[in-house]
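If you want the building blocks of each chain, they are given just below.
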Amino acid sequence: MTWDTITLTVEDGVATLTVDRPDQLNALTVDTLEAIEAGLAEAAAEDARAVVLAGAGEKAFVAGADISYMVDLSTPEAQAYAELGHRVADTIESFPAPVIAAVDGYALGGGCELALACDLRIAADSAVFGQTEIDLGIIPGWGGTQRLPALVGDETARRLIFLGERIDADAAAECGLVGEVVADEAFDARVDELADTLAAQSATAMRAAKEALNAAGDGPTAAGLAVERRAWSGLFGTHDQREGMQAFLEKRDPSFE
Ligand code: CAA
């Protein structure tokens with residue numbers, strides 16, 4: 001099945017949802033986020049027993065929220081964009097079967113946050129992770145301030161978010177951001193194998209396991225996400241947000257206040 005910016009296939013119980021804007025490194029527009037939501041609804045309707053979330057092309061899983069869309073947003077518009085991003089992440093998190101983030105290439109900003117909402121993260125050798133929003137004069141706005149510390153610990157999350165560090169797949173595995181790193185050439189086969197193994201388990205037990213794990217207490221709270229939305233959208237319209245994003249689009253270094 002095809003939307004403009006994603007593709008969805010369902011085969012032998014495995015749904016593969018691919019973000020398909022390779023020329024923009026699969027950056028997420030409003031349309032793309034809405035298509036992901038619709039794709040997940042379709043996968044659920046088709047009783048998918050495992051979902052693989054991937055990015056099209058050779059270079060990226062998802063290089064974040066779309067900066068050319070965000071550059072001129074007002075705070076209320078940014079709030080709506082954050083709500084949509086949170087809704088998509090929640091849809092992944094509450095999907096009634098495991099969702100694997102298959103990260104081959106860049107997973108930056110909102111792309112990393114999308115991966116954080118998945119049940120499992122598997123990375124190709126050459127993958128690059130980062131919450132790089134600080135370089136744009138903003139902060140993570142799609143759950144990163146809440147899900148990242150739960151996964152990697154508070155200090156590491158602060159380093160990643162404050163410094164906007166980009167880390168390779170091995171470093172991501174070391175800090176607990178991904179569960180498995182696979183050689184580039186073996187990546188697709190290993191993702192298929194993992195998805196098939198998950199799909200072969202009892203779907204009922206899997207759903208129960210996911211529900212119980214989600215209730216373990218480490219996940220994001222509604223209050224935490226509301227603080228993130230407020231803090232994120234409040235940055236829109238500031239000098240540093242406008243300058244950070246404009247500088248990216250003009251391919252130059254930003255000059256922050
Ligand atoms: N939004 C919009 N366009 C993007 C994009 C993004 N997040 N990431 C890449 N692109 C576009 C580039 O503008 C470029 O378009 P043109 O060919 O029209 O110039 C194209 O994709 C290819 O990108 P590059 O030429 O930059 O490719 P590169 O190999 O030199 O660099 C990269 C790759 C390091 C990933 C670099 O593109 C990059 O740093 N991208 C931005 C990453 C980022 O900051 N993501 C966070 C966004 S903010 C966010 O996600 C907020 C949130 O919390 C939700």
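A quick note: this is a predicted structure, and the numbers were derived from the prediction, not measured.

Rules used throughout
- Residues numbered from 1 in each chain as written.
- Predicted model: local features only at pLDDT ≥ 70, side-chain atom pairs only at ≥ 80, totals over all residues.
- Heavy atoms only, no water.
- Core = buried A, V, L, I, M, F, W, Y, C linked by side-chain atoms within 4.5 Å.
- Buried < 20%, exposed > 50% of the residue type's maximum accessible area, 1.4 Å probe, protein only.
- Helix = DSSP H or I, 4+ residues; strand = E, 2+ residues; numbered from the N terminus.
- Contact = heavy atoms within 4.5 Å.
- Pairing = 2+ DSSP bridges.
- Axes fitted to C-alpha atoms, helices over the stretch in contact; angles between N-to-C directions.
- Near = heavy atom within 4 Å.
- Polar contact = N/O pair within 3.5 Å; in protein donor to acceptor, adjacent residues only side chain to side chain.
- Nonpolar A, V, L, I, M, F, W, Y, C, P; charged D, E, K, R; others polar.
- Domains from an automatic or database assignment.
- Buried area = accessible area lost by both parts, 1.4 Å probe.
- Salt bridge = Lys/Arg side-chain N within 4 Å of Asp/Glu carboxyl O.

(A) Quick peek at the nonpolar core. Counting 60 residues, the largest nonpolar core has Ile36, Met70, Ile92, Phe129, Leu177 and Trp232 as its most contacted members. Tallying contributions element by element places helix 3 (residues 75–93) first for this core, with 7 residues. In this view, Trp232 contacts Met70, Ala78, Tyr81, Ala82, Ile138, Ile139, Pro140, Gly141 and Trp142; residues no more than four positions away in its chain are not counted. Within the second largest apolar cluster, 16 residues are counted, among which are Val182, Phe187, Leu194 and Ala195.

(B) Quick peek at the sheet that holds strand 5 (residues 99–103). One open sheet accounts for 6 strands, arranged 1-2-3-5-7-10; its pairing is mixed. Every interior strand has two partners, whereas the edge strands, strand 1 (6–11) and strand 10 (180–182), have only one. Across the sheet, the axes of successive neighbouring strands diverge by a mean angle of 20°, strand direction being ignored. Where strand 2 (residues 14–19) meets strand 3 (residues 50–55), 6 bridges bridge the pair, whose relative direction is parallel.

(C) Here's a closer look at the site of the ligand. Among the 28 residues in the neighbourhood of the ligand, the closest are listed as Lys59, Ala65, Gly110, Glu133 and Gly141. Here an oxygen atom of the ligand sits 3.4 Å away from a polar atom, N or O, in the side chain of Thr132. For the shell around the ligand, the secondary structure elements donating two or more residues are helix 2 (67–70), strand 6 (106–108) and helix 4 (110–116). Considered class by class, the residues forming the shell around the ligand number 15 nonpolar, 6 polar and 7 charged.

(D) Layout of the domain arrangement of the protein. For the protein, the assigned domains read domain 1 (6–199) and domain 2 (203–249). One C-alpha centre belongs to domain 1, the other to domain 2, and the line joining them spans 12 Å. On the domain 2 side, the residues contacting the 40 residues of domain 1 number 27 residues. For the pair domain 1 and domain 2, the summed buried surface comes to about 2,800 Å²; carbon and sulfur atoms form 64% of the total. When the buried surface of domain 1 facing domain 2 is broken down by residue, Val71, His86 and Gln146 rank first, second and third, together holding 19% of it. In this structure, the connection of domain 1 to domain 2 is made through 1 salt bridge. Counting the contacts that link domain 1 with domain 2 gives 21 residue pairs in polar contact (both at pLDDT 80 or more). When contributions to the side of domain 1 that touches domain 2 are tallied by element, the ones reaching two or more residues are helix 2, helix 3 and helix 5 (144–152). A per-element tally of the side of domain 1 that touches domain 2 places helix 3 first, with 10 residues.

(E) Geometry of the pattern of salt bridges. Evaluation of the coordinates by the stated rule reveals 11 salt bridges. Between Arg190 and Glu180 there is a salt bridge whose closest N-O contact spans 2.5 Å. Pair noted here: Arg190 is in helix 8 (residues 187–200) and Glu180 is in strand 10, with a separation of 10 residues, a long-range link. The class for Arg190 is partly exposed, based on a relative accessible area of 23%. For Glu180, a relative accessible area of 23% puts it in the partly exposed group. When salt bridges that share partners are traced, they join Asp90, Glu93 and Arg147 into one network.

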